[in-house]
Amino acid sequence: MKLSVPAYYKSFKCIADRCRHSCCVGWEIDIDSVTMKKYRTLSDGYGKNILESIEGDEPHFRLCEDERCTHLDERGLCRIISCFGDEYLCHICRAHPRFYNDTVRGKEAGLGLSCEEAARIILSRDDYDKMIGIDEFCPQDEWECPDTDFDAAVHRERIYSILSADAPYPKRLSYICDEFKVSPAALPGEEWCEVLSSLEYLNEEHRRLFFCYSSDLETPEKAEDYLRRALSYFVYRHCSGAGSEEKFRISLGFSLFCERLLSSMVREYKADTFEKICELARVISEEIEYSEDNTESIKDIFYFV
Ligand code: SF4
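These notes cover the structure that comes with them. Not measured: the values here are computed from a predicted model.

1. What about the overall build of the protein?
Each helix and strand counted, the protein has 13 helices and six strands in total. Against the globule reference of 19 Å for 305 residues, the protein gives a C-alpha radius of gyration of 20 Å, in line with a compact fold. Dimensions along the principal axes, computed over C-alpha positions, put the protein at roughly 65 × 45 × 30 Å. Residue burial in the protein is summarised as follows: out of 305 residues, 49% are buried.

2. Section: a negative patch on the surface
A surface patch of negative charge is lined by E28, D30, E55, D57 and E58. Taking the relative accessible area as the measure of exposure, D57 reaches 83% and is therefore exposed.

3. Details of the side chain of R156
Along the chain, R156 turns up in helix α6 (residues 152–163). When its relative accessible area of 4% is taken as the criterion, R156 is described as buried. Beyond its immediate stretch of four places on either side in the chain, R156 contacts E108, M131, V235, Y236, S240 and F248.

4. Re the environment of K107
Tracing the backbone through its elements, the reader meets K107 in strand β5 (residues 106–111). On the accessibility criterion, K107 (3% relative accessible area) is buried. Between the C-alpha atoms of K107 and L3, which are 104 residues apart in sequence, the distance is 5.4 Å. Excluding anything up to four places from it in sequence, K107 contacts M1, K2, L3, S4, N101, D102, C138, Q140, E142 and W143. There is a polar contact of 3.0 Å between the side chain of K107 and the side chain of Q140.

5. Quick word on the site of the ligand
Contacts to the ligand come from C14, I15, C19, H21, S22, C23, H96, C115 and E117. Looking at the shell around the ligand residue by residue, the class counts come to five nonpolar, three polar and one charged.

6. Quick look at the nonpolar core
Ranked by size, the top nonpolar core spans 76 residues in total, and within it W192, L196, F210, F248, L252, L261 and I298 carry the most contacts. Looking at this core element by element, the count peaks at 11 residues for helix α11 (residues 245–268). Counting residues domain by domain, this core receives three or more from each of domain 1 (2–13 + 96–135) and domain 3 (152–304). Beyond its immediate sequence surroundings of up to four residues, F210 is in contact with L196, Y201, L261, M265, V283, I284, E287 and I288.

7. Structural notes on the pairing of strand β4 (residues 98–103)
Summarising the sheet, β4 and β5 pair through six bridges and their orientation is antiparallel. Bridge pairing links R98 to L111 in β5. Where β4 hands over to β5, the hairpin turn is made up of two residues, counted between the paired strands.

8. A short note on helix α1 (residues 33–40)
Every α-helical turn comprises 3.6 residues, leaving residues that sit three or four positions apart pointing alike. Among the residues of α1, those classed as buried are T35, M36 and Y39. Looking straight down α1, one finds that the buried residues subtend no more than 105° of arc, so they occupy a single side. Residues S33, V34, K37 and R40 are exposed on α1 and point more than 90 degrees away from its buried face. Those residues of α1 hidden inside the fold are in contact with α2 (45–52), β2 (54–55), β3 (60–61), α3 (79–84) and α4 (91–95).

9. Looking at the packing of aromatic side chains
If you walk through the whole model with that rule in mind, you get 14 aromatic pairs. Relative to Y88, the ring of F84 has its centre 5.4 Å away and its plane inclined at 40°; by these criteria the two rings are tilted. Residue F84 is classed as partly exposed on the basis of its relative accessible area, which comes to 25%. Among the aromatic residues, those joined into a ring-pair cluster are F99, Y233, F234 and Y236. Here the basic side chain of R94 rests over the ring of F137, its NZ or CZ set 4.0 Å away from the ring centre.

10. Concerning the packing of α11 against helix α12 (residues 274–289)
Interhelical geometry of α11 versus α12 gives an angle of 140° and a closest axis separation of 10 Å. In terms of their interaxial angle, α11 and α12 are classed as oblique. The handedness of the crossing between α11 and α12 is right-handed. On the side of α11, the interface is formed by F254, C258, L261, L262, M265 and V266, while α12 contributes I277, L280, A281, I284, I288 and E289. Of the residues in the contact of α11 with α12, the class split is 11 nonpolar, no polar and one charged.

Rules and cut-offs
- In this convention, every chain numbers its residues from 1, walking through the sequence in written order.
- Local features are withheld for residues below a pLDDT of 70 in this predicted model, meaning they are given only at 70 or higher, and side-chain atom pairs are given and counted only at 80 or more; totals for whole chains, interfaces and linings count all residues.
- As a rule here, side-chain values come from all non-hydrogen atoms in the structure, and water together with hydrogens is ignored.
- Here a helix means four or more residues in a row that DSSP labels H or I, a strand means two or more in a row labelled E, and each is numbered from the N terminus.
- When we talk radius of gyration, it's over C-alpha atoms, and the globule rule is simply 2.2 Å times the number of residues to the 0.38.
- Partly exposed describes any residue whose relative accessible area lies between the buried limit of under 20% and the exposed limit of over 50%, with all areas from a 1.4 Å probe on protein chains only and scaled to the type maximum.
- Patches here are clusters of residues that have more than 30% relative accessible area and form no salt bridge, with a 9 Å joining cutoff for like charges and a 5 Å cutoff for nonpolar side chains (Val, Leu, Ile, Met, Phe, Trp, Tyr).
- Working definition of accessibility: Shrake-Rupley area with a 1.4 Å probe, residue cover restricted to the visible protein chains.
- The rule for a salt bridge is simple: a side-chain nitrogen of Lys or Arg has to be within 4 Å of a carboxyl oxygen of Asp or Glu.
- We treat Lys and Arg as the positive residues and Asp and Glu as the negative residues; His and chain ends play no part in the count.
- Just so you know, the charge point we use is NZ for Lys, CZ for Arg, CG for Asp and CD for Glu.
- Every residue pair with non-hydrogen atoms within 4.5 Å of one another is taken to be in contact.
- In protein, a polar contact requires one atom able to donate a hydrogen and another able to accept it; more generally it is a pair of N or O atoms within 3.5 Å, and residues adjacent in sequence count only if both atoms are side-chain atoms.
- Being near a molecule or strand, for a residue, comes down to having at least one heavy atom within 4 Å of it.
- Three classes are used: nonpolar for Ala, Val, Leu, Ile, Met, Phe, Trp, Tyr, Cys and Pro, charged for Asp, Glu, Lys and Arg, and polar for all others, with Gly counted as polar.
- Nine residue types can take part in a nonpolar core, namely buried Ala, Val, Leu, Ile, Met, Phe, Trp, Tyr and Cys, and a core is a set of them joined through side-chain atoms within 4.5 Å.
- Domain start and stop points were drawn from an automatic or database domain assignment.
- Two strands are said to pair when DSSP picks up at least two bridges between them.
- Each direction from the helix axis to a C-beta atom contributes to the arc, which is the arc of those directions.
- Ring geometry is summarised as follows: Phe, Tyr and Trp rings, the Trp one being its six-membered ring, pair when their centres sit within 6.5 Å, and such pairs are stacked at plane angles under 30 degrees, edge-to-face over 60 and tilted between the two.
- Only Lys NZ and Arg CZ are tested; either one counts as a charge over a ring when it is within 6 Å of the ring centre and within 35 degrees of the ring normal.
- Each axis is a line fitted through C-alpha atoms, taken for helices only over the stretch in contact, and angles between the N-to-C directions span 0 to 180 degrees.
- In this scheme, roughly parallel covers angles under 35 degrees and roughly antiparallel covers those over 145, while 65 to 115 is roughly perpendicular and the rest are oblique.
- A crossing counts as left-handed when the near helix is turned anticlockwise from the far one by less than a right angle, and as right-handed when that turn is clockwise.

Pasting the structure below:
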């Protein structure tokens, strides 16, 4: 399928056994109907193990007691890939950590920040504003043209141009807030902390990590480039599919909020290396943007401020 992607997208390759936060641990993987049909044709060898590992009315792979996918071997490699190749992965496994947006210009794809290798690429590359065309597997194999004339990419490009302006980083952020009439500072920091405390968490220990949130535009200077790249990612992921100016504004509020949360955490936890900043960004992504409920709870605030 033809996809538009940021130039850095092609650099991604899963680091498999070297990954410290593998997506093959802790997640129940639903199996789509196309792959399920393929699995039913496998009756010998490891194919039998695959069939025996599937359970539930909505078919998914059984997790082991330590929450690892039952097909993960002791080296952290996937036995389905080793035995049958990538084409036998179900759509979720094959696509992860990619995400897709239907826009008026066509289907766009990106890498999700919750994957540690994707986070490393996203926070280290400045070519987020260069889009390229590729031909690649996509689980949603049709482009659904949104029923709107609103072209979110025009606004996205405007944000990228402000982000690359020759001005101090906090000023660039305030230009964006002024131009798009949205700012996380419209809600006091204590109220944001209450919202953060009410969210659902995959890892309970992360709840208190976020209590240092502040909308203050003061930014740890050494982290500015990483914060700018993180904001460009949030904008790309969350604003690109917006079908109207108001939806774009709300998604931009969410993106700015996630960027300010990262800035607050970098300052509070004295994250002074690229690796530490990547890990904080990954946690924000895993806990907030990978939960539809959490994302909606934060976006809801921007309807009223
Ligand atoms: S989180 Fe990313 S790098 Fe780690 S196993 Fe999953 S796709 Fe690979």
